[in-house]
Structures are given as C-alpha cells and as structure tokens.
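# Geometric and topological summary
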Amino acid sequence: MNDPTPMVLVIDDDDSVRRALRDLFESVELKVTVFASARDFLQTKRPDTPCCLVLDVRLPGQSGLDFQRELNERNITLPIVFLTAHGDIPMSVRAMKAGAVEFLTKPFREQELLDAVQVAIDRDRATRADEALLAELRRRHDTLTPRERTVMRLVLAGRRNKQIAGEIQTSEATVKVHRTNLMRKMQASSLADLIVMAARLGSSQTSPHSPEGNQSL
Amino acid sequence: MGSTVPHHNTAVPGSRSVSSISSIATGYGLAVAAVAAALLLTLLIRGTTGNPTFFSFYVAIFLSVWFGGRGPGWLATALAILALHSVFRNTGDLMAMTGEKFPTLLAFIICMVTGDVLSTQRHRAEGALRSARDKLEITVQDRTTELKRANALLSDEIAERKRAEAAVRASAERWRRLFEASSAGMSLADLTSRYLATNAAFQSMLGYSDDELKALSAIEVTHPEERATTQNIVAEFVSGSRQEYHADKRYMRKDGTPLWANVTTTYVPPTDATPAMLQNIYINIDDRKRAEQALRASEERWRTIFETSSVGIATSDAHLHVATANAAFQRMVGYTESELRQMRWIDLTHEDDRGTTEELVERLLDGRQQSYHIEKRYRRKDGQTIWITVYNSLVPATDTTPAFFPAIIVDVTDRVLAEHALQRSQAELARVARVTTMGELAASIAHEINQPLAAIVASANACRRWLDAQNLSRAKGSLERVVADADRACEVINRVRSLSSNTAPERVELNINAVVNEVLAVARGELRARQISLQLGLSDDIPFVSGDQVQLQQVVLNLVMNAIDAMATVSGRRRVLVITSQRCQGGGALVSVQDCGPGIDPANAERIFQPFFTTKAGGMGMGLSISTSIVEGHGGRLWATPASPSGTAFHFSLPEAKSSGA
C-alpha cells in the first residue's frame, strides 16, 4: 500500500507512560501524537491517515469507556486499543462489545501492544478504503437522472426491458438507452456488478461498517 | 533704797552706810521742801491778808528737826532766815530787818533748839524701849530653842521605835505574801502529814478551800495508786532518815480528776516555839504530762500508720541512704529493713531510670523544687522489675533533726502493665485498620505501581530497538526514563510497606507536608479512579512536628479515604479534594482535608469520632476513632467543620516539635 504513514494516537494522563509509549512507537517507525486527556484529543483535528487510538481506561474526568461511547455517538470510527493498569472482565467485555480492537493490561507485553496497534491500523485503513469506495458509489449514483434511477431500481428488481417500458409508459428502445447510460455512469461492467454496488449503497444507510471491508483491499 | 545695787544682795557690807547717807539726804531734802512749802504758804497768806505771818516757817523748822535731825533742823532754820531776808528785802536792809524782825529770827532758833531737844529725848526713850524689847525677845528665843531640842529628841525616839515595828511587820508580810501569792503551791504539814497551812495556788490546784485541806492529810489527796509510796516517804521523814523528797506524782482533785504535780518536801526541824514540820512546794505539771502523753499517742499513731500502711513508706538521709522502711515497702522490694539500711536509695531504681531520679533529687537538694512524683521502675531483690509511683520531698534540717527525704511508694506494676498491653492492642488495632485501608486501596495501588512498570516495559523495548538501530542518544533517553520510572515504582512500594509495617511507633521530627505527599503517593490512583481532582495547598512555612511517621500517614490516609468515600455520590459537578497545611496561630501545624460531598448529618456529628460508628456499608467504624487517638497521642486535636458550599472539612493540629528552630 502506498497510503500515508499510519499514526498512533495516545491518550494517557500519566506523563511518563505517554513518553514511554511515544518512544516505543517511534522505535517501530510509527508516527505518534500523544494527548493528556480526551478533551485535548477532541480539540485537535484528526489527521487524514490510518490511525489507531491507544486509550487508558482511567482518565481524569471521564473514563476511557465513556469516551469510547462518546466517539461512537459522534460517528467517529477509530479502532481503539485499551490499556488499563488493572483489568477487570466486565470492563473488557464492555470495551470489546463497543468495538475495541484489544484490551491490554499494564504492564503489557510489548508484542501484544504492537500487534494490536497493527491490527487496529489495518482495520482503520480498510475502513477508510471502504468509506472511500462507498463515497465514490454515492457520487456516481448522484449523477443519475431521476428517470435513470427509476430504471435502475426496476432493473435491480428483475424486470425485463419490455416490462419496464410498460410500467413507465415509454418505448422499449428508450429504456435500453437509459439502461446503457446508467451502467456507464455507475461504471458497472455487468448486471451482477450493479447489484453488488446497489447492495453497498443500500446497506450503508443502516450500518457504517462493512463486514466485508477487507475484501476490497 | 536697794535700787542702787540691783544685782547685789541687800546684806552686802556697807549697806548700812548707804542707808544712813540716804536717810541723811532724805532729812535735808525734807528740810528744803518744808521751808519751800512754808514760803509758798506765807506768800499766799500775804497776798490775801496783806499781813505776812511766819507761823508756817516754825512748823517747817520743827518738822525738819523732828524728822530729819539736828542738821536738817539747822538747814531749815538757815533757809527760813534766808527766805525771810530775800523775800521781804523791800522792808529794809538786813540790819533794819534784823532790828525789826529779830524776835522772829530768835523765835526760829528757839523753835529749832526746842525741836531738837524734844526730838533727842524722844529718840533716847525709843532706844531704851527697843533695847528692853530686844532683850526679852532673845530670852524667849533661847527658851523656845531649848524646848524644840527636847521635842526633837523625843520625836527621834518615837520614829526609831516605829521603824523597828514596821520592819518586823514588813518581814512578816513579805513571808505571808510570798506564801500566799506564790504561783507554786505551798503547804506546811505536821509529821502526821496533816496540813497546817496551805496557800491559794495549792488550793486552786486541788480545788479545795484552806479549811477543807486542813481537815485532810497529804496521803488523802494523793492518787490512790501512789498513796503507799507517799506513806513510806512520810515515815522516812518521821524516822529522820530523810530530809528532803522530790518527785513527780499524781494527786486527786476534789472533783475526782487526777493531777500531775512536781512536789518538793523539806523537813523543817523543831524550834523552841514550833514543832518539827514538813514544808511542801508543788508545781502543776499536768499540762506538760498531758502534752507528753499526747505526743506519745501521736507518735504511736504515726508509727502504726507507718507500719501497717499498704503503701510503701521509707525515709532516707540527705546522702540518700535508706534510714527507715515500712513493711509494705519491704514486701514491695523484697529487701528487709536492715538490708535496705546497707543500700543507697538509687540502688533500688532501675538502671534506665537512675538519671531522671538523680536529677530530680538534685532539684530537691538545691531547692529548685519542693517535691516531686514520678513513675519509674525498681529492681526487686529477686531481680524482677516493678513499676512504682514515688512521691518524694526533702524535709529541711531543724535544730534537733538533720534533713531527710520521706517518700511514699505505690506499686503500680499492674496498672502500668495493663496500660502497656492496652497500648499494644491499640497499636495493633491501628495497624489492622491501616492494613484494611491498604486492602481497600489495593486496586489503585496496583495501578500506581503498574503505571511506571508499563512505562518501564515500553521504554526498555524502545531502548532495545534504538540500540539495534545504533541510535544511541534515543536509547540513552529511553534508559533514563526506565530508571526514573523504576524509582517511582519503588517509592510507591516503600510507602505501602511502611503503612503496612508492624514496627513500633517512633517519634521523630518531621514535616507534615512530607507525610501528606507520602500518603498521596499511595492514594493518587484511587483519586484518579474515582475521578476526583486534587487541590493541594501545602504551606512552606510549616513548623516541624514530633511524631511517628506511619501513624500520622495513617491519619492523613484515613481522612483522604473518608473524603473520597464522601464524594462517591456526587454527580453532575466536579469532585474536588482540598488538602491544605498551614502554621497554627498558636504554633504547630494544622492540616485540613476537605471534601465536597453531602456533608455530615448533624445527628451524627458527635458520633463520628466514636469507635464502631460508621455510615459506610462495609466500614469498620474505627478510622476516625483511631485517628483521634493518634492525634491526641501526639498532643494534638482532630475536629470537623462543615465546608462551603457543601461537604466536610476535617482538621488536625499538632504541636510544634520542641527543638525545631534550634
């Protein structure tokens, strides 16, 4: 991949932990930005690069888990690796259910942390690619005329050209022209291709995540 | 007459001649005055009648010769003639006048001579009469003198006789008064010891009148227990084997009460006029005897108290050698009194307490202190250590007794051992409470330790990679952080260990701010976990206090944990823990721990410091009780006040360490 350099975002109120993590990630050639609090994090513009959030469960003012919920509520998709000084099972279950990549207990094994960060970055990269693709499909879809959108909906519903012409009260030749145009605009090479695209567009309205996100890489 | 010699007695020699000269001068003066008066009278008569008469000159001449004598008489005569001549010159010359007035002149002279003769005769007759009278007077005086002399002789004789009689009477009176007025009782008795005479002092001593006593014998007024002895003594006097007797003996008063008297009986030998007698002198010594008896009783009482007292009583001399020790004291220390007498006071005292004792005794000896009491240890004869309280003082030397130390010693071993056991169990309880608190903090403490450990792991791994990449400067930076974080972890572990330790309390001078910081090292994780922010206001101007570090950490930790718990229900606003320290107004250090929780229910305000009172579900209720006893054990105070706008502030003050600032 020739993506921009991934970045690790660290939120920890302990200065020495922050410094140590920055040192560690820099030693494996990852870019690092550290924050002392969730508030500082939210006030900073998110970099346009695959990211991973390394988050201490105990934060002053607001716990890491609360912060995770807040991010979800704001539709900010950011894979999170939780760090805690003393893990307890209910907390980790909550974190994982809310989509955390990993839940590590301090003092952690270095490799576990680096692996988890790698997984998270990969996931973010995939999410970012997925989101980029979806945006393209929407853009293409947006170029269709209303008549073409109607034809596309009927095609996807399995109607033949003749049936479509009958339904929208036009000639079969006109339907063919619309169909050719929408296939070109949507850059679909086949009907099957168009069906897949339509499925993506349709599902994006109910779930921000694509379970098959990795596939497109 | 005497005015010319005012400073001299009139009896000086020559006074007669002065008197006679004066008398002569008076005579001549009289003559001049008489003639002058006659001249004036004559002139007066001539003026009215025109016919001079010289009768007044005769009178003047006669008066002069009669009263002044012959000289003045002649002077008056001469003056009268001269007056006649000069006044009546116009009547003719002297011869004419003489011729005419010759009879007058002659009459003047005759008058003069006649007066002189008459005067001389009168003076002579007067002289004879005076001498006859003088003679008679002398005779009378002589007779009177003779009579006076006889009378004086008689008076002397009478006075002499009176003196002799008075002397005899005075002597008798003196002896009688001596007998009567003597404050010592006196009596005379015959050889059957019957009283012949008694004096007032003796009567009042026994309460009998003189007559009553004369009806009694010496035996009868003697105390029944001493009658036999008295009878023997009287018999000895009668037989002549005894001349004198001297004794303290008891008499019986009329009212039946006994009386102590000192009696001296002397044998009076018979004379021509009197038979042999016994003379007695009594001195009332009842008061003295009574005082002696009271003193004896008092001494006996004290001796009994001393001997039977359940507390130890002992005295030692000024050199601190044991002088006396009662039975209780002997039992207490296991030595007999004679063994104690061989010992010095200090030998009993436990070696560790000797310095203090010696200093206190020194203060008594040099008068800086009147008395002292001290709780200390003795070593018994069997080597066992006992705890005693000793009350000691110094009784200064008097004329009769040297200075000594009376001491009262109470065995307080049981109480002291119980106190020590109580202190031990209190310390144990405090430790349990401390460890319990540490248990509550275990999670946050683990966090506090894991935090630096995580940093260490990360830094160490980074370091390894920097080394692989030959980036030595970054590797060095990583290593330095490893060291710093390891130190930090050690710090926390040390705090935890000291709070969990079971070491004996030890007083040192310490800065209370350091204690607060040490507690925060342990509790900071808990504050973070409970999302409590800390406002720390520790004054740099804080005096050192004397105290046990662990115990004071426990107090601060307890207050911090209570504050954390108090803020558990706070939501919708910041949870803030405020810890401040400052110098007390009266010296010493003041620490305040304030939460912003709901505050203490006033109904519980009094009870929160009592043991086993808790408002927490899992609380033991010992925290504040233990904290209070720790603070008070340090001479300080722990109290609570409501905080504004909500919550509670707990404060504790500790006195300034004595040597701080030195």
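### Here we look at the overall build of chain A
A count of helices and strands for chain A gives 9 helices and 5 strands. In chain A, the succession of helices and strands from N to C terminus is β-α-β-α-β-α-β-α-β-α-α-α-α-α. Looking at chain A residue by residue over its 217 residues, the buried ones come to 46%. Counting only contacts in chain A whose residues sit at least 6 apart along the sequence, the fraction spanning at least 24 positions is 64%. Carbon together with sulfur atoms contributes 50% to the accessible area of chain A, which is approximately 11400 Å² in total.

### Concerning the pairing of strand 4 (residues 258-268) of chain B
Working note: regular strand, side chains alternate between the two faces of the sheet. Residues and elements named next belong to chain B. As paired elements, strand 3 (residues 244-252) and strand 4 share 9 bridges and run antiparallel to each other. Along strand 4, the bridge assignment pairs Lys249 with Ala261. Hairpin remark: strand 3 followed by strand 4, antiparallel, with 5 residues in the connecting loop; positive phi at Gly256, about 90 degrees.

### Here we look at helix 8 (residues 172-185) of chain A
Residues and elements named next belong to chain A. End to end, helix 8 covers 20 Å across 14 residues, agreeing with the expected 20 Å (1.5 Å per residue, within 8%). Val175, His178, Leu182 and Met183 are the residues of helix 8 that are buried. What you see down the axis of helix 8 is that its buried residues fit within an arc of 130 degrees, all on one side. Opposite the buried face of helix 8, at more than 90 degrees from it, the exposed residues are Ala173, Thr180 and Arg184. At the exit of helix 8 stands Gln187, carrying a positive phi of roughly 55 degrees.

### Concerning the packing of aromatic side chains
Residue and element names in this part refer to chain B. Taken as a whole and assessed by the stated rule, the structure comprises 9 aromatic pairs over all chains. Between the aromatic rings of Phe329 and Tyr378, the centroid separation amounts to 6.2 Å while the plane-to-plane angle is 85 degrees, which identifies the pairing as edge-to-face. Of this pair, Phe329 sits in helix 9 (residues 327-333) while Tyr378 sits in strand 8 (residues 371-379), and the two are 49 residues apart along the sequence. Across this residue pair, the class does not change: Phe329 and Tyr378 are buried. One aromatic cluster in this structure is built from Tyr195, Phe202, Tyr251 and Tyr282. Here the basic side chain of Lys289 rests over the ring of Trp260, its NZ or CZ set 4.5 Å away from the ring centre. Positioned above the aromatic ring of Trp639, the side-chain terminus of Arg637 is 4.2 Å from the ring centre.

### Observations regarding the interface of chain B and chain A
Counting from both sides, the interface comprises 25 residues of chain B and, opposite them, 26 residues of chain A. The contact between chain B and chain A buries some 2100 Å² in all, and 54% of this surface belongs to carbon and sulfur atoms. Across the salt bridge formed by B:Arg474 and A:Asp23, the nearest N and O atoms sit 3.0 Å from each other. Contributions of two or more residues to the side of chain B that touches chain A are made by helix 14 (442-468), helix 15 (472-500) and helix 16 (512-529) of chain B. Per element, the largest residue contribution to the side of chain B that touches chain A is 16 residues, and it comes from helix 14 of chain B. For the side of chain B that touches chain A, the per-class residue count stands at 9 nonpolar, 9 polar and 7 charged.

### A word on the confidence of the model for chain B
One rule of thumb: low pLDDT means the predicted coordinates there are not for detailed reading. Residues and elements named next belong to chain B. Overall, the prediction assigns chain B a mean pLDDT of 84, with 92% of residues at 70 or greater. Low pLDDT (under 50) marks residues 1-14, which in the prediction has 2 contacts with non-local residues, meaning those over four places away or in another chain. Reported confidence for the predicted complex is 0.72 by ipTM and 0.46 by pTM.

### Focus on the side chain of B:Arg575
All names here are of chain B. Within the element layout of this structure, Arg575 appears in strand 14 (residues 575-583). In this structure Arg575 is buried but unpaired, with Glu526 as the nearest side chain of opposite charge at 9.4 Å. There is a polar contact of 2.8 Å between the side chain of Arg575 and the backbone oxygen of Arg530. Sequence-distant contacts of Arg575, that is, excluding residues within four places in its chain, are made with Arg530, Gln531, Ile532, Ser533, Met567, Ala568, Val570 and Cys596.

### Thoughts on the pattern of salt bridges
Side chains that carry opposite charge are capable of pairing whenever their charged atoms lie near each other. Scanning the model with the defined rule gives 50 salt bridges over all chains in all. The closest approach of N and O atoms between A:Glu148 and A:Lys185, which form a salt bridge, is 2.9 Å. Taken together, the positions of A:Glu148 in helix 6 (residues 146-156) and A:Lys185 in helix 8 put the pair 37 residues apart, joining distant regions of the chain. The exposure class of A:Lys185 is partly exposed, given its relative accessible area of 22%. Among the charged side chains, a salt-bridge network with shared partners connects A:Arg22, A:Asp23, A:Glu26, B:Arg474 and B:Arg481.

### Some points on the packing of helix 2 (residues 55-68) of chain B against helix 3 (residues 70-87) of chain B
All names here are of chain B. Look at helix 2 against helix 3: their axes get within 6 Å of each other, and the N-to-C directions meet at 160 degrees. What the angle tells us is that helix 2 and helix 3 run roughly antiparallel. With respect to the hand of their crossing, helix 2 and helix 3 are arranged in right-handed fashion. Contacts between helix 2 and helix 3 involve Phe57, Ala60, Ile61, Ser64, Val65 and Gly68 from the former and Arg70, Pro72, Gly73, Ala76, Thr77, Ala80 and Ala83 from the latter. For the contact of helix 2 with helix 3, the per-class residue count stands at 8 nonpolar, 4 polar and 1 charged.

### Brief notes about unusual backbone geometry
Here the amide bond leading from B:Ser644 into B:Pro645 is cis, since omega sits at 0 degrees, within 30 degrees of zero. Assignment of secondary structure puts B:Pro645 in the loop between strand 16 (637-642) and strand 17 (648-654). One non-glycine residue with positive phi stands out, namely A:Gln187, at about 55 degrees. By secondary structure assignment, the location of A:Gln187 is in the loop between helix 8 and helix 9 (191-203). In this structure A:Gln187 comes out as partly exposed when scored by relative accessible area, which is 48%. Its identity is not glycine, yet B:Gln470 carries a phi of approximately 65 degrees, on the positive side. Its location among the elements puts B:Gln470 in the loop between helix 14 and helix 15. For B:Gln470, a relative accessible area of 66% gives the class exposed.

### Let's talk about the sheet that holds strand 4 of chain B
Residues and elements named next belong to chain B. Sheet architecture is open: 5 strands sit in the order 2-1-5-4-3, paired in antiparallel fashion. Here the strands that pair on one side only, and so sit at the sheet edges, are strand 2 (195-198) and strand 3. Pairwise comparison of adjacent strand axes, ignoring direction, gives a mean angle of 25 degrees for this sheet. The pairing of strand 4 with strand 5 (residues 277-284) spans 8 bridges and is classified as antiparallel.

### Points about helix 7 (residues 227-239) of chain B
Residues and elements named next belong to chain B. Given a rise of 1.5 Å per residue, 13 residues ought to cover 18 Å, and the 18 Å separating the end C-alpha atoms of helix 7 matches this to within 8%. Listed in full, the buried residues belonging to helix 7 are Thr230, Ile233, Val234 and Phe237. When helix 7 is viewed along its axis, its buried side chains cluster within an angular range of 100 degrees and face the same direction. Along its buried surface, helix 7 packs onto strand 3, strand 4 and strand 5. Looking at the residues trailing helix 7, positive phi occurs at Gly240, about 85 degrees.

### Observations regarding the sheet that holds strand 5 (residues 102-105) of chain A
Residue and element names in this part refer to chain A. Across the sheet, which stays open at both edges, the 5 strands sit in the order 2-1-3-4-5 with parallel pairing between neighbours. A strand with exactly one partner marks an edge of an open sheet, and here the two such strands are strand 2 (31-35) and strand 5. Looking at each pair of strands side by side, their axes are set apart by 20 degrees on average, direction ignored. Where strand 4 (residues 80-84) lies against strand 5, 4 bridges are found, and the strand directions are parallel. Bridged to Leu83 within strand 5 is Leu104.

### Examining the nonpolar core
Nonpolar side chains in soluble globular proteins tend to end up buried together. Counting 49 residues, the largest nonpolar core has B:Ile445, B:Ile512, B:Leu557, B:Leu559, B:Val560, B:Leu577 and B:Phe652 as the members making the most contacts within it. B:Leu577 has contacts with B:Leu527, B:Ile532, B:Ser533, B:Leu534, B:Gln535, B:Val560, B:Ala563, B:Met567, B:Val593 and B:Gln594, leaving out every residue within four places of it along the chain. Core analysis: the next-biggest nonpolar cluster, separate from the first, contains 29 residues, A:Leu114, A:Ala116, B:Ala458 and B:Ala475 among them.

Cut-offs applied
Residues numbered from 1 in each chain as written. Chains lettered and ligands numbered in written order. Predicted model: local features only at pLDDT ≥ 70, side-chain atom pairs only at ≥ 80, totals over all residues. Heavy atoms only, no water. Helix = DSSP H or I, 4+ residues; strand = E, 2+ residues; numbered from the N terminus. Buried < 20%, exposed > 50% of the residue type's maximum accessible area, 1.4 Å probe, protein only. Contact = heavy atoms within 4.5 Å. Areas by Shrake-Rupley, 256 points an atom, 1.4 Å probe, with all protein chains shown as cover. Pairing = 2+ DSSP bridges. Expected span 1.5 Å × (residues − 1). Arc of directions from axis to C-beta. Phe/Tyr/Trp six-rings, centres within 6.5 Å; stacked < 30°, edge-to-face > 60°. Lys NZ or Arg CZ within 6 Å of the ring centre and 35° of its normal. Buried area = accessible area lost by both parts, 1.4 Å probe. Salt bridge = Lys/Arg side-chain N within 4 Å of Asp/Glu carboxyl O. Nonpolar A, V, L, I, M, F, W, Y, C, P; charged D, E, K, R; others polar. pLDDT = per-residue confidence, 0-100. Lys, Arg positive; Asp, Glu negative; His and termini not counted. Polar contact = N/O pair within 3.5 Å; in protein donor to acceptor, adjacent residues only side chain to side chain. Axes fitted to C-alpha atoms, helices over the stretch in contact; angles between N-to-C directions. Parallel < 35°, antiparallel > 145°, perpendicular 65-115°, else oblique. Left-handed = near helix turned anticlockwise from the far one by under 90°. Core = buried A, V, L, I, M, F, W, Y, C linked by side-chain atoms within 4.5 Å.

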